[in-house]
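# Breakdown of the fold
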Amino acid sequence: MGIPLHQAARIGAYLLRQHLSRRERYPLVLMLEPLFRCNLACAGCGKIDYPSEILDQRLSYDDCMAAMDECGAPVVSIAGGEPLLHREMPKIVKGFLARRKFVILCTNALLLAKKIDDYQPNPSFTWSIHLDGNRAMHDKSVCQQGTYDKAVEAIRLAKSKGFRVSINCTLFNDADPAEVAAFLDDMKALGLDGITVSPGYAYERAPDQKHFLNRNKTKELFRGILARGRGGRAWPFSQSINFLNFLAGNESYQCTPWGNPTRTVFGWQKPCYLLGEGYARTFRELMDTTEWDKYGVGKYEKCADCMVHCGFEASAVKDMVRRPLRALGVTLRGVRTEGAMAKDIPLDGQRSAEFVFSDHVGRKLADIRATKTGTQQAVAAE
């Protein structure tokens, strides 16, 4: 697997402490979105559909450090938007590393050649390059020609400078298993340190609503991919073997949304990285006031087809702690890609979706404008 031994050991020790203390809910990865602004407009993205006043907002260095200090997760994944547009990003990365956190900096790589010398290689720091498949697949996904080639160039550049480099790959319902497997072979040949794969999530504001996978198609797709890679053992996945086993339909997990708590310019996002159903001012408020039992597969319509790593990786990892011998068996044999699938969670009792995006945007705009007016009045008074 594409997880360094020292990282696996430290995270494993953290998980064991939580398990032995019988802590029910704890974070594994802080999902940090210090801005929503991006230099691409991907068809499947639901993160950039905001007014300019919100796209211009940034979490400061102090905001980011406070989020980690509140949360205490061993890993931080910095996404967006495009993080390299943030002027304080080098300082933010250094701040997390100084706190002995594992830092994953996600980027579409368009600015990487320009910005790379602002960063230094570190065993706990990884570039995560967005690549949704081969040239044709990726350029179609991000709605811009030439981005695949730029990303591959950036991977080679970062590797030549001694950085750890991984890719994050989101797949949709037009993905072909053989084509994806060949792409993963190409990525391995580049010397990547890790690969993260996940089905796309149907963001309600995404421009393209036609190409998201349902649960059955997700399982069939990943069985087809993993069957061409020795049950997943052929590629350096930076994900747990249990999560890959789940994607292939061999496990039926409920999600663990608090495992990857999300901090954005709005606040701490309820209940998860994918759903913005409300926001808390502090991490403790997020944990104490979120109605966790209202969300998840079989509970809420928006969760029905979700099999994304930010919700289910923590579930898979917790299962590894509970049943280590079972996980070891899957690791040695590879993910099973034939035979009956695990019985899935029924959907007949789920509640209907609520659409609250516009209300949250309206409140944030009102806050921004009130702050701006107050600042202008203060300056005028001086």
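Residues numbered from 1 in each chain as written. Predicted model: local features only at pLDDT ≥ 70, side-chain atom pairs only at ≥ 80, totals over all residues. Heavy atoms only, no water.

Over its 14 residues, helix α12 (residues 309-322) runs 19 Å from end to end, which matches the ideal 20 Å to within 8%, given 1.5 Å per residue. Across the 14 residues of α12, ten count as buried, placing the element largely inside the fold. Here α12 has its buried residues at Cys310, Gly311, Phe312, Glu313, Ala314, Ser315, Ala316, Val317, Lys318 and Asp319. (Helix = DSSP H or I, 4+ residues; strand = E, 2+ residues; numbered from the N terminus. Expected span 1.5 Å × (residues − 1). Buried < 20%, exposed > 50% of the residue type's maximum accessible area, 1.4 Å probe, protein only.)

Glancing now at the packing of helix α3 (residues 61-71) against helix α4 (residues 89-98). Close contact between α3 and α4 brings their axes to 10 Å; oriented N to C, the two are set at 25°. Classified by the interaxial angle, the pair formed by α3 and α4 is roughly parallel. Of the two elements, α3 crosses α4, and the hand of that crossing is right-handed. Counting all contacts with α3, which are made through Tyr61, Cys64, Met65 and Met68, the residues of α4 involved are Lys91, Ile92, Gly95 and Phe96. (Axes fitted to C-alpha atoms, helices over the stretch in contact; angles between N-to-C directions. Parallel < 35°, antiparallel > 145°, perpendicular 65-115°, else oblique. Left-handed = near helix turned anticlockwise from the far one by under 90°. Contact = heavy atoms within 4.5 Å.)

Turning next to the pattern of salt bridges. Counted by the stated rule, this structure contains 20 salt bridges. Of the charged contacts in the structure, one is a salt bridge between Arg135 and Asp149, with a shortest N-O distance of 2.8 Å. Linking Arg135 in helix α6 (residues 135-142) with Asp149 in helix α7 (residues 147-160), this pair joins segments that are 14 residues apart in sequence. The class of Asp149 is partly exposed, set by a relative accessible area of 31%. Taking the shortest distance from any N to any O, the salt bridge between Lys294 and Glu291 comes out at 3.6 Å. The class for Lys294 is partly exposed, based on a relative accessible area of 30%. (Salt bridge = Lys/Arg side-chain N within 4 Å of Asp/Glu carboxyl O.)

We now examine the packing of aromatic side chains. One pass over the full model with this rule turns up 17 aromatic pairs. Residues Tyr14 and Tyr26 carry aromatic rings whose centres are separated by 6.2 Å and whose planes lie at 80° to one another, so their mutual orientation is edge-to-face. In this pair, Tyr14 is assigned in helix α1 (residues 5-20) and Tyr26 in the loop between α1 and β1 (29-32), connecting sequence segments twelve residues apart. Residues Tyr14 and Tyr26 agree in their burial class; the two are buried. When the centroid spacing of 6.1 Å and the interplanar angle of 5° are considered together, the rings of Tyr119 and Phe125 count as stacked. Phe125 shares its class with Tyr119; the two are buried. An aromatic cluster is built from Phe36, Tyr50, Phe266 and Tyr279, whose rings are joined through pairwise contacts. (Phe/Tyr/Trp six-rings, centres within 6.5 Å; stacked < 30°, edge-to-face > 60°.)

Of the two faces of strand β2 (residues 75-78), the one carrying Val75 and Ser77 and the one carrying Val76 and Ile78 are both buried. Where β1 meets β2, four bridges bridge the pair, whose relative direction is parallel. Looking across to β2, one finds that Val29 is bridged to Val75. Crossover connection from β2 via α4 to parallel strand β3 (residues 102-107): handedness right-handed. (Pairing = 2+ DSSP bridges. Right-handed = clockwise from strand over helix to strand, strands pointing away.)

The subject of this paragraph is the sheet that holds strand β8 (residues 267-271). Strand order across the open sheet formed by nine strands is β6-β5-β4-β3-β2-β1-β7-β8-β9, with mixed pairing between neighbours. Looking at the sheet topology across the chains shown, the edges are occupied by β6 (194-199) and β9 (276-280). For this sheet the average axis-to-axis angle between neighbouring strands, irrespective of direction, equals 25°. Note: strand β4 (residues 125-130) against strand β5 (residues 164-171), five bridges, orientation parallel. Note on β5: the bridge partner recorded for Ser128 is Ser166. Against the sheet, helix α9 (residues 215-227) makes contact with β5 and β6, and its axis sits at roughly 150° relative to β6, the strand it touches most.

In this model, Gly80 is joined to Gly81 through a cis peptide bond whose omega is 10°. Relative to the helices and strands, Gly81 resides in the loop between β2 and α4. The step from Lys270 to Pro271 runs through a cis peptide bond, and the omega angle for that step is -10°. Mapping Pro271 onto the fold places it in strand β8. One non-glycine residue, Arg100, lies in positive phi territory at about 60°. Inspection of the secondary structure assignment puts Arg100 in the loop between α4 and β3. In this structure, Arg230 is a non-glycine residue whose phi angle is positive, near 55°. On the secondary structure map, Arg230 appears in the loop between α9 and α10 (241-247).

Detailed reading of the predicted coordinates is not advisable wherever pLDDT falls low. Averaged over all residues, the pLDDT of the protein is 91; the fraction at 70 or higher stands at 94%. The secondary-structure element of the protein with the lowest mean pLDDT is helix α14 (residues 357-381), recorded at 78, while α4 shows the highest, at 98. (pLDDT = per-residue confidence, 0-100.)

Our next topic: the side chain of Thr262. With respect to the helices and strands, the residue Thr262 is situated in strand β7 (residues 262-264). We classify Thr262 as buried; its relative accessible area is 0%. Here the side chain of Thr262 touches Tyr273 through a polar contact of 3.3 Å, landing on its backbone nitrogen. Not counting the four nearest positions on each side in its chain, Thr262 is found in contact with Met31, Glu33, Gly267, Trp268, Gln269, Cys272 and Tyr273. (Polar contact = N/O pair within 3.5 Å; in protein donor to acceptor, adjacent residues only side chain to side chain.)

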